[in-house]
Each structure stands twice: as C-alpha cells, then as structure tokens.
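What follows is each chain in one-letter form.
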Amino acid sequence: IFTAYNVDAEIDESISTITVSLKEGAQEGNILVMAHAGGNTILKPLFFTYGTAEIQDPVYNGSTADIVLEGDMTQFEVKVSASIDYEVTVEESASKWLIYNSTRAMTTLTHVFTADYYEDASGALRTGEIRFSNALYDISAAIVVKQSPKIPEGGGGGISTAADLMGFAAAVNAGASTARWENEAGEVVLLNDIDMAAVESWTPIGGVDASEYNTTTPYKTVNPFKGIFDGQGFAVKNLNYTADMSTGKWGYAFFGSLDGATVRNLTLGDPDTDITWTFTGDAPKATSVASLAVYAVNSTIESCTNYYNIDFAGDSGSEVLCVASGLVGVMKNSTIGRAKSLGCANYGFVRTGKITNNGNGGNGMQTAGICGFMAKDEGNLIQFCVNYGHISCPTGRTGGLVATLMNGNVKNSDNRGTVEDDIVGKFEGAAAQNSYNSKRMGGLIGGTDDLKKVLTATVESCTNYGNVFTHIGCRTGGFIGHSNIRIIGCANQGAILGDVYNSDHGPAWACGYSGQSSGEWVNVSSCTMGGYVGSYTTYKDNPTSAPAATVHNAFSYKNDEYYDPTINN
C-alpha cells in the first residue's frame, strides 16, 4: 500500500485480501496500491465513498416506464445512474431478438440495445426484460421492453428493394437475425436487381477490427456475415459510395467481413454505368477498400462480378500497410472462384494518388484486381478468375490478380488489364530514375513473403495478357515482381515495358526477381515465353513494337544465373 487517505488499510497475505475502513467522520478516502505479478508491476488507485449501494431505475426517453417499440428493427438507449458497478443481462427468453450492443457496464453509463424486426400475423406483443444488477450487494433494477409486431403483407423471403438491403445490412451489423430476408433454404437472396441510386451513404455488411493487425490474422471480425448470400444472377446497381478514411474505420466494401460465409451469383454495378467509389482522408494502418469484401475468412466467393471502380484518393502513410482491390481486400483460408463455371471477374479500375508510403513490400500499398492481400494460410485459393481492370499505384506492390501472396495458391486465372506504377507522377525527372526500389509489380502477382523463405504457395496455369508498364524502372514481371514461390505452367502475352536505371531492376516477361530455377528448388517451370520486353520511353506508344521476349529477359535480376530455359517453353 503506497499511500492511504482517510482510511485504515490492512493486507492479509495469507488470503490475498486488503481490508479498507473509512476513518470516523470521513465521507471519502483512497489508497494507492502497487502490485507485482509475473514480472509486471501495476500501480492502481482505489477510491471509496460512504453511502448506500444503489442502482436507480433505468430511464428511456426520460421515463422509467416500459419501453414500447414498433415492429421495425430499432436501436435505442437506456440510461442508468448508480453508485456501484453493475452487470447488464437480457432475459434469456428474449436474448435472440433483444440485443445488447455495448461492451461492458460501468456506473452512470448509457447502454445501447437493438430490438430485431418482428412480424406476427396474430398481432401479439413480445416482451423482454433488461436487468442491471450487482450480485455482491444483491441489488438490481430492471426495465421491460415491449414490441408490437408488423403484420406480414406477403412477399418477404428475400431482398427486393434498396430498403430491404439497407435493413439486412443493419441487422447483420447489430448481430440480429436475418431470417426475414432468407428463402426456405435459409439463404439470403436477391429477388431482382437492386437500385441503390437513392441511398446517400453505405455501411459495409459486417465490420473489421485491425487494432491488433498481423500478417497471419489481419483482422478481428465484428458481427460478420456468416450465412449464404445468393444474388441469383441479379445486380446491386447505382451504389454511390464515398468515405473519409481518416474517421478511423478500417474497411470499406459491400461486405465488411465474411466468416464461414458463401457469396455467389452476385454482380456489383452495371457494365453500362460508370461509377467510381472514392475514398479520401488519411488511412490508418491496415485499411482495406474493395468492391465485394474487405475481409473474407473461412469463406467462399463464386460467380461474382464487379463493375465499380475503386479510387483510393486519400493517403497511406509511411510504411503503413493499406489495400485497394477490385474484388476482395484481404483473404484468409478462403476461396475465390471454386470451379471453371464458378469463376469471378473484376472490370473496374483500381488506382491510388500520390501516396506518402514508399514501402515496396508487405508494409506498402497493396493494389490488385482480385485480392490485395492473401494472408499466411495454405487454405487460400484463387481459381478461374479474370481481371479486366486497369490497376495502378506509384509504390508498394501491384498485381493484376494479387498484390501480395503470403501463402496459398492461384490457379487457372488471367489478367487482361493494364498494370502500371507511377501514372500520377509521384516521382518525376531525376527522382523517377532513383525510385526503382519503391515498387514490386507483376501482371499476375505483385510479390510474396520473405524472400529468404521457401513457400508452399504456387501460381499455376495462369496467363497475363495485359501490358505491364513501370515508369520508375522497378522490378517488373509478366508473372510477378518479387517471387520465392513456385510458378508452374504460366504464360505471358503482354508487353512488359520499363527503362532500366539499375541493372538489378527493370522489366522481364516472367519475373522481376526470382530465386533459382534449377536444382532442388525450382521457381519457374513449364512456363511459356511470350509477349514483348523493352524500354517504356521508346515503346510506350506502340507496345507491341518492342522486342519479343527471349530467354535472356525472363528475369530482370540474375537472369543468366537463375532462369533455366531447359525446363520452360
């Protein structure tokens, strides 16, 4: 006990307790306690007041009377004043529809609850009790919630309007039931195209928390969507989505988080309507923007197509991981495109401005057409996917399909979009010629994990048809910028152009950098030489006039030492 004011305090080490008594006449007092445990030291002040432990009656809208709600899903606040800590519980019989949204109870606190949608043809009320209690002092206070039902008028069983979709999103984000939008099989379905033109703001379905980000588990999911969402071939159209990333949120997309979910047969946008989603402000570390999903864990995405453009118009700070992707931001133990008939496609462009971040690796800006960041998980699979969008960012990692592949497999997928680095002129003049180490870029993949490791990841039977242009002479490949993974049976048909400002950097039809392709560990095998390789300055106006690919420009780093033409085509 460091200090004691107006109290007598005694420690009983045998039972690990401190007994505190106010001195005669004192109305308040305090002690300062220092404790040691497990190599840690904690200094904690404890305050005491004289009086009766009390929890006052809960108040809703200025009244302690029963709370009466309509049948719509409603979020409401209850205020409780008390002289002691208390716990909050919802009557068990009402716990499925009356949801406590706050995280913990403290004295004099406003508590947030959500009452789920309620439809009942009989018109009967449903009731539930919220109780605030302290078991030690055996005191409590309660308030009753009554909800009158909405009388069903037919329909239901799916999402047919923008209001339905907004309601579904709100229910997921509140941790509430989604049964009213499900068909008989328990799947959330679209019943027709959904026109979102009248919707002024959008909140992703499910949230993410990146406060403890790491490359193995990038996010914690917050009320993720866990079911089956079947678009049934319909589209979510005319969704105008803008957001200020400096508000502190980490994710922006149609779905914020998917956990154990399946999303299929869904189209975002319209090929005849050009809509760009714009994200401004200073993005915190691990911010992810995408069209379909910010984060997919243990989930499957199949037969989905995106037409919305992604404009990361804000800033990514120095050495801060951020992601911008045409389909999925970050994936872990998930599949995108499970079979040939279930593949996914992105048609929208993905671009950034003159971001501050100059990192070239996993802590840089990640931009891609299909997935920005494949986390460290062997269960990741991208298969039968195609990117048609223009993908660009001045620094970090950029790939037509994937920006960073930490682990997993990419198979039977193609890039048909142009991939570039500094089209916005972040580096100009002499600065451009000295910035080649700020970027890793590939027609298929931007880069992989630590180059000193041997990964089980593969890129197999994929083709790059798109042109890949480096304005700063970075390590650029038709397949990948930086590689320590197996690349098997892939082909390049695009023009890979860049001026060489450093002999270890520049364009190549296969890999900007790759490990050895012979001996026990073979990085590139059974791959087909093709496309063009040459100077960006010379051939930018007519890329196919550049020299054809040869065995001498497969890699931009140690080509003659590491590339083995005898095991490639």
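Data block above holds the structure.
What counts as what
- Residues numbered from 1 in each chain as written.
- Predicted model: local features only at pLDDT ≥ 70, side-chain atom pairs only at ≥ 80, totals over all residues.
- Heavy atoms only, no water.
- Pairing = 2+ DSSP bridges.
- Helix = DSSP H or I, 4+ residues; strand = E, 2+ residues; numbered from the N terminus.
- Axes fitted to C-alpha atoms, helices over the stretch in contact; angles between N-to-C directions.
- Salt bridge = Lys/Arg side-chain N within 4 Å of Asp/Glu carboxyl O.
- Buried < 20%, exposed > 50% of the residue type's maximum accessible area, 1.4 Å probe, protein only.
- Core = buried A, V, L, I, M, F, W, Y, C linked by side-chain atoms within 4.5 Å.
- Contact = heavy atoms within 4.5 Å.
- Patch = residues over 30% accessible without salt bridge, like charges linked within 9 Å, V, L, I, M, F, W, Y side chains within 5 Å.
- Areas by Shrake-Rupley, 256 points an atom, 1.4 Å probe, with all protein chains shown as cover.
- Polar contact = N/O pair within 3.5 Å; in protein donor to acceptor, adjacent residues only side chain to side chain.

## Notes on the sheet that holds strand β9 (residues 98–100)
As summarised here, the arrangement of the three strands in space is β7-β10-β9, forming an open sheet in which the pairing is antiparallel. Edge strands, defined here as strands with exactly one partner in the open sheet, are β7 (74–80) and β9. Put simply, the sheet's adjacent strands are angled 30° from each other on average, direction ignored. As defined by bridge partners, β7 adjoins strand β10 (residues 109–115) across seven bridges and the pair is classed as antiparallel. Bridge pairing in β10 places Glu-77 opposite Val-112.

## Some remarks on the pattern of salt bridges
Charged atoms that come close allow side chains of opposite charge to pair. The tally for this structure, following the rule as stated, stands at 12 salt bridges. Note that Lys-146 and Asp-66 form a salt bridge whose closest N and O atoms lie 3.3 Å from each other. On the criterion of sequence distance, the pair formed by Lys-146 in strand β12 (residues 139–147) and Asp-66 in the loop between β5 (40–49) and β6 (67–69) is long-range, its members being 80 residues apart. Arg-338 is the partner of Glu-302 in a salt bridge, and the nearest nitrogen-oxygen pair spans 3.0 Å. Of this pair, Glu-302 sits in strand β28 (residues 300–302) while Arg-338 sits in the loop between β34 (335–336) and β35 (345–346), placing them 36 residues apart in sequence. Accessibility expressed as a relative area gives 6% for Glu-302, which makes it buried.

## Some points on the nonpolar core
Across soluble globular proteins, you tend to see nonpolar side chains buried next to one another. Phe-229 and Phe-254 are the most contacted members of the largest nonpolar core, which totals 92 residues. No other element matches the six residues that helix α1 (residues 162–173) contributes to this core. The residues touching Phe-254, leaving out its near neighbours within four places in the chain, are Leu-165, Trp-202, Pro-204, Ile-205, Phe-229, Val-236, Leu-239, Leu-266, Leu-268, Trp-277, Ser-291 and Leu-292. Formed by 22 residues, the second largest nonpolar core is a distinct cluster that contains Ile-55, Ala-82, Phe-132 and Val-145.

## Overview of a nonpolar patch on the surface
Residues Ile-1, Ile-11 and Ile-18 make up a contiguous nonpolar surface patch of about 250 Å² in total accessible area. Take Ile-11: it is sitting in strand β2 (residues 7–12).

## Some points on the sheet that holds strand β17 (residues 228–230)
One open sheet holds the 10 strands; their spatial order is β13-β17-β22-β28-β34-β39-β44-β49-β54-β59, and the pairing between them is parallel. Either end of the sheet is taken by a strand with one partner, and the two such strands are β13 (188–189) and β59 (524–525). Strand direction decides the pairing type here: β17 and strand β22 (residues 262–264), joined by three bridges, are parallel. Across the sheet, the residue bridging to Asp-230 is Arg-264, located in β22.

## Focus: the environment of Glu-302
Taking the C-alpha atoms as reference points, Glu-302 and Leu-266, 36 residues apart in sequence, are found 8.5 Å from one another. Residues contacting Glu-302, with those up to four places away along its chain left out, are Val-263, Arg-264, Asn-265, Gly-337, Arg-338, Leu-342 and Cys-344. Within polar-contact distance, the side chain of Glu-302 engages the side chain of Arg-338 at 3.0 Å.

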